Structure formats: structure tokens, C-alpha cells
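Commentary on secondary and tertiary structure
Chain by chain, the residues:
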Amino acid sequence: MRHLLHRRWRLHEAFVKINGIKRGLWRAVDHIEHPVCLSLMGARLDVPVASREVTAPPRPSLMQIPSHKTDHCAFLRELYRRMKAIRVFEDTCVAAHKAGEMPGYIHSSAGQEAVPVGVCSALRTDDRITSTHRGHGHGLAKGSDLDGMMAELYGKEAGLCGGKGGSMHVADFSVGMLGANGIVAGGIPIACGAAQGLRLLGSDAIVACFFGDGAVNRGPFLEGMNWAAIYKLPVLFVCEDNTFSAFTHSSTTTAGPGPLARAESCGVSGERVDGNDVLAVHEAALRLSSEARAGGGPRFLWAKTYRFSGHVSVDPAAYRSQADLDAALAHDPLALARAKLAKAGLPEADIAALDSEVQADILRSQARARTLPYPHRAQAFMDVQDMGAPA
Amino acid sequence: MSSNTLTMGEVAARTLADEMRRDPTIWVLGEDVEMGGIFAQYKGLFQEFGAQRVVNTPISESTIMGAGLGAALVGTRPVIEMRIADFVLPAIDELVNQIAKVRYMFGGQARASLVARMPHGLMAGSAAQHSQIIESWFVNVPGLVVAAPSTALDLAGLLRTALRSDDPVVFFEPKALFKTSADMPDDWPAIPFGKAAHLSAGDDVTIVSWAQAMPVAKTAAAELADARVGVDLFDLRSLWPWDRDAIVASVARTRRLVVVQEGVGAAGFGAEVAATVGEAVSALKGIRRVASPRIPVPFAPTLEEACWIRPGMITKAVKEVLAL
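This write-up is about the structure you can find in this document. Note that the coordinates shown come from a computational prediction; the quantities given were computed from them, not determined experimentally. (Residues numbered from 1 in each chain as written. Chains lettered and ligands numbered in written order. Predicted model: local features only at pLDDT ≥ 70, side-chain atom pairs only at ≥ 80, totals over all residues. Heavy atoms only, no water.)

1. As for the overall build of chain A
Each helix and strand counted, chain A has eleven helices and eleven strands in total. Across the 391 residues in chain A, those meeting the buried criterion constitute 55%. Restricting to contacts in chain A with at least 6 residues of sequence separation, those with at least 24 account for 65%. Surface accessibility of chain A: about 15,800 Å² in total, with carbon and sulfur atoms responsible for 58%. (Helix = DSSP H or I, 4+ residues; strand = E, 2+ residues; numbered from the N terminus. Buried < 20%, exposed > 50% of the residue type's maximum accessible area, 1.4 Å probe, protein only. Contact = heavy atoms within 4.5 Å. Areas by Shrake-Rupley, 256 points an atom, 1.4 Å probe, with all protein chains shown as cover.)

Shown next as C-alpha cells:
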């Protein structure tokens, strides 16, 4: 149980009578209230007579996804709900940052919601994902706890990373989210290794690896394509092409016919989809991930989309024309999903109610995060390393 | 030679094989590990454990390092082979930005339980990109453990500890010594990090060294002993954590310290040892650092000589501090 000692945890205590003897039952829970250990204490309450670690079952995703085939409307409703949650989350956080109440800075993924939602809805809970510096949507789509993510962005102790990671390093291993990443293309080698490790452990889980169009110009992109191909690893590479490499239009920085052609040059096959069409993304991701899971080797999904915001919350994106932005807004993935949902038969009043529900949920989460405590200063010195830990 | 005489490479391979038999989640990835590695430190492992656990990789250092991390994040224990320490530089993002920090950044959710092995040190004729000593860079990175053994028994013992710990360990191995032989005892037990080997006791001067400079320091210490100089000699074996207590206690007694290292002295690990002792020992009489000059390692033997640590440099430094 040594490996649990580095975790922050709190103790819940209760008393139970067993065969007439009063005993203490201790339950250790971690910072997101997951039980990690149960101990039944002896009569003097100082020595456990029985202990066991608890492997917490994965928390349910944002919501279990209804079947695409049996209930198309409910399925679309859930995809839309997730996209709406990401949009409101991003807009709320950008506003909070601009108001000076959220530390750091925010890389908003507004406008790109169809990609994480379309892909993650095609994954299993035990599938893993790697993410980017623009990673809130990936986490939320994979089922990360909303409150935990909000608290993390506020730098609070109850955040998913205890306030130590913040926006750019938010991770939630309980749902297979192996971390946002402050380094462009940083997740690509990690995804390859995670797939290799899962195979060694006998798992048939796959890894979806999100990265942007800027990442295709970094060395680890080429290394990773080649690597995944030679070992036939179950990786779904997802190029979330939001048109910009930080503050620069990617057409001026990327040669050749695009990301998919580069992957194909290493023998990694895939598809290009409209990254604003959540259903198209979902269907392609389902096809490709099934092939990868079945042993077909890595697959590549090039999802073309558009970043509505600047690179970071303080960037007015003066480098792009209003006409470009207007064209993108006319193809807003959230509006498209909403229209599809209406067409599938959900009445406008129900969609509006869903919108309000999501909005309220995120505002409640924000209000909660505001009131939570910051981590104690002693936390700065914890979880560095065991051998040679800071004195 | 007795039957227990083994090269350092053989000791390294046998130790890893032992650990791989004990723990099925340990596996190896790196260039040319299938043929046993360029120093024979993986010899026989591919034959015993197969291609799933001894993975021959492309020359893709970033991904060798990063894939090792990914595999650790799902619960395996990779041994990442870098071939030589110079080649970790294309993988520095994966090691410094990712591996060293995941546990901390993710609030303890994840551990990068892995060993990144990188043979290092001067090797004759290897020049500027194959002969560097960059160990101190990694001491400066929170999250990393840094090992730098100089003997086969220490390499075996520290490797065992590294493979049984949850920390990421940067494991520097003395590459010019892999072919040297040693008489090995029957047991090669795990050795804790942060515990120096006390090689000889003396009251006149403390000599601290590690890695490939260590055999040179031993030679110098023997010469000094012949000249009736009492040398308190230490092999640090690991640089983070390092045995600060033993060294400070020794210098508190001898009041004189000579630190001997290969590689550039400026901001080298010897500087950390000297500064720590300087802060902790009030009645200090003198400190000297013996190290390489701040030049790239040159090729021509006559030039390369400028980088090698020779026993005479150590005895000279000792005489200087004794005169203080």
C-alpha cells in the first residue's frame, strides 16, 4: 500500500457492531472522493484487523451514451449536451480569466467541440487519450469530472491535479485521460508507449492521441507515425486541425498536401472528415478505432475545424480577417449539432431546456470552485519524488 | 580467472534478467538491444524474453523516451536504453518536461516508474558528441533520481533499487568500464540511493568521486596512502539523492576536501558537493575541485588529454589543501 501514501487522502470513520463487538470502519478517500482503502479496525481502534485497497470503478462518463442505432435522437442529444458543456465551460473560463479571478491563461477550444466529442463517444472507458495544451474539451468528452476540472483551473486543492497542473496539465487518470500537455506534439510518443504497454499487459484497450495541425511539423510526429506503424500499435491519431499554429495560419508553415499524407507515407491509413460535423467524426472514429482495436495497426483521423478564439485568452487574433471568422461561425459545430438534434425530433423547448441545464451546471461548478480552498503551501513540496524528496 | 569473474556488461545483463524474471511488467526498449546493446549490457535478454519485452527500436530518441513514459503511465516498468548519454539530448523534452514532472503536475495521479539508462563518460577517440558528461544537468531537474555507479557490484545493486522504486531514475553507467572484469560475490543485493561507499578511512583529507573518475581517485588515494597521507575516500554512487551527511561528517573531521569528477567543472556536480560542504563545515581549511576544463571533448589524443583526469592532478590538489 506504500504507493498510496503519496496521495492526498482523507479519512471517513464509522462504527459497526460485528458479533456484538464495536469496531471502527475506516475509509480513506482521495482528493476527488474516490475510496482508495478500507480498513476494519481492532477493538482498540489503533490497529487494522483487515485492510484492502479499493480499485475505484471508473466513474461514469458525462453520461452513458445511448445507442446510436436504437435511439438516434437520444444519442444525438448526448453528443450535443457534451459539446454544449465544453463550449460553456470554455467561455466561462475565458471570462473568469479576463475578470482576473482565474490564474494563468486559457487556451479555449471553442469551435472545435465536435472533434473530442465525436472521437471520445467512440471510445470505451478503459481506452486512454493523450491531449494537448487545448485539452479541456478532451477531458470533458472522455468523462472527466466537471467540478474537478473547474477547481483545477481555479488552482484549488480539490482540482483534478490538486491545483498543481492547471489548465495546461489537467489530467484525469480515472477516466483514462493521460494528461493535457504544454508541449506541442508531446502526447504523441506517450500515446505510442501507452499502447505498447497496454498490449504487454494483455489489454485490448486503445489510445486516442489528440494533437493539432501545428504538431505535424515537430519531429515526434514523424517518429510516432513510424513507431506506431512498425509495431502495429492500437493508436487512433487524431489531428484536430483548427487552422492555426499558435498565432500563425498553418497554411504558411506546413508544406505538402497535409497531415494525412504524412501519416500515409509511414503506412498509417486514415480519413479526412469535416471536424465540425460531430456525427461524421463519431462514425469515422468508430470505424478507425475498431480497425485499430482489431489489430489492424494505427489509424489516422484528420478532422478539419476552426478555432473561434485567439491562441490564448488574451489574444484578440488580429492576424485573421473578420470574413474568415464569419465564415467559420456560419459553420459552428455546436449550431450544426443543434440543428441535427432538432431534425431528429427533439422539440426546441427541450433543447432550450437542455441548454439551460448545462449552463446552470457549469455556473454551479464555477460558484463552487470559487469558494474552495487553495492547496496548503506544504503541497508544493509533495509528489516530487520518493528518493531524494525535498527536505 | 575464477568462475565468478565477470565483466561489468555481463553483470548488468544478469541483473536485469533477474529483475525481469521477478517482475513481468519490466521490459526494455532501445536501439540495438536485440543484439545485446553496444556494451553487451543486454546480452542474452532477447533470447530469453522475446521481442515483446526486449524491443529493438528505430533511431527515434524522442519516442524511445516518450514511449517509455506512456508505457509507465499504464502500469509497466520500462527500461529505456539511450545507447550513450549524448543521445538523450534529442529526448530531453520527454525526459525533463514530461517524465520528471508527470507525478507532480498531475497531483500524484501518475508515476513515471522507469529507468533511463545512458552510458556516459570519456572514451578515447570519441570526441565532442560521444564523450560528454552531462550528469549534473539532471541533478538540477526536480523529480529525477540520478545514479552514477563506478563498479559492477554498485551498478547491479543500484539497478535493482531503480527497478523496484516508483521514481524515474536516470542511470548513468561508466561506458569505458563495461569491459573491465571484477570478482563478483554470490549475492548482488540492492543498494539504496543516497548512500556513498566509504572506501578508505583517514584523517587528513576527504576525497569524493564517482563514475569513471572513481578508479583514478582510487589510484591517487593509494599513492597518497603510500606517502602516509590519511585519505577518507568516498564513491558517491548516486548524485541525487547523494550522501550529504557522510561527506559533511567526514570533512568536519578532516577539514579538507578534494572532489574529483569527469566532465566540465563549471556547474558540475563537484560544485554542488563543494558548496554544500562549504555551507555546512565551519572550520574548513580548504577545498579543491578536480575536473575537466570547459571545452568540448576534442578528438586528437594530444588534445583529448586536456579532458582526462589523471592521478597526478588529484595528488597535487591534495598537497595544496594539506598546505593550507
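2. Overview of the pattern of salt bridges
Proximity of charged atoms lets side chains of opposite charge pair with each other. Tallying each qualifying case throughout the model produces 39 salt bridges over all chains. For the salt bridge of A:Arg287 with A:Glu271, the shortest nitrogen-to-oxygen distance reads 2.6 Å. Of this pair, A:Arg287 sits in helix α8 (residues 278-296) while A:Glu271 sits in strand β10 (residues 269-274), and the two are 16 residues apart along the sequence. Taking relative accessible area as the criterion, A:Arg287 reaches 41% and is therefore assigned partly exposed. Between B:Arg111 and B:Asp167 there is a salt bridge whose closest N-O contact spans 4.0 Å. On the criterion of sequence distance, the pair formed by B:Arg111 in the loop between α5 (102-105) and β5 (115-120) and B:Asp167 in the loop between α7 (152-164) and β7 (169-174) is long-range, its members being 56 residues apart. Overall, B:Arg111 belongs to the buried group, its relative accessible area being 13%. (Salt bridge = Lys/Arg side-chain N within 4 Å of Asp/Glu carboxyl O.)

3. Remarks on the pairing of strand β4 (residues 77-81) of chain B
Residue and element names in this part refer to chain B. Within β4, five of the five residues are buried, which leaves it mostly tucked inside the rest of the structure. With burial as the criterion, each face of β4 is covered, one bearing Arg77, Val79 and Glu81 and the other bearing Pro78 and Ile80. Pairing geometry for strand β2 (residues 26-30) and β4, over five bridges, is parallel. If you follow Val28 over to β4, its bridge partner there is Val79. Here three bridges tie β4 to β5, and the two strands are oriented parallel to one another. If you follow Ile80 over to β5, its bridge partner there is Ala116. (Pairing = 2+ DSSP bridges.)

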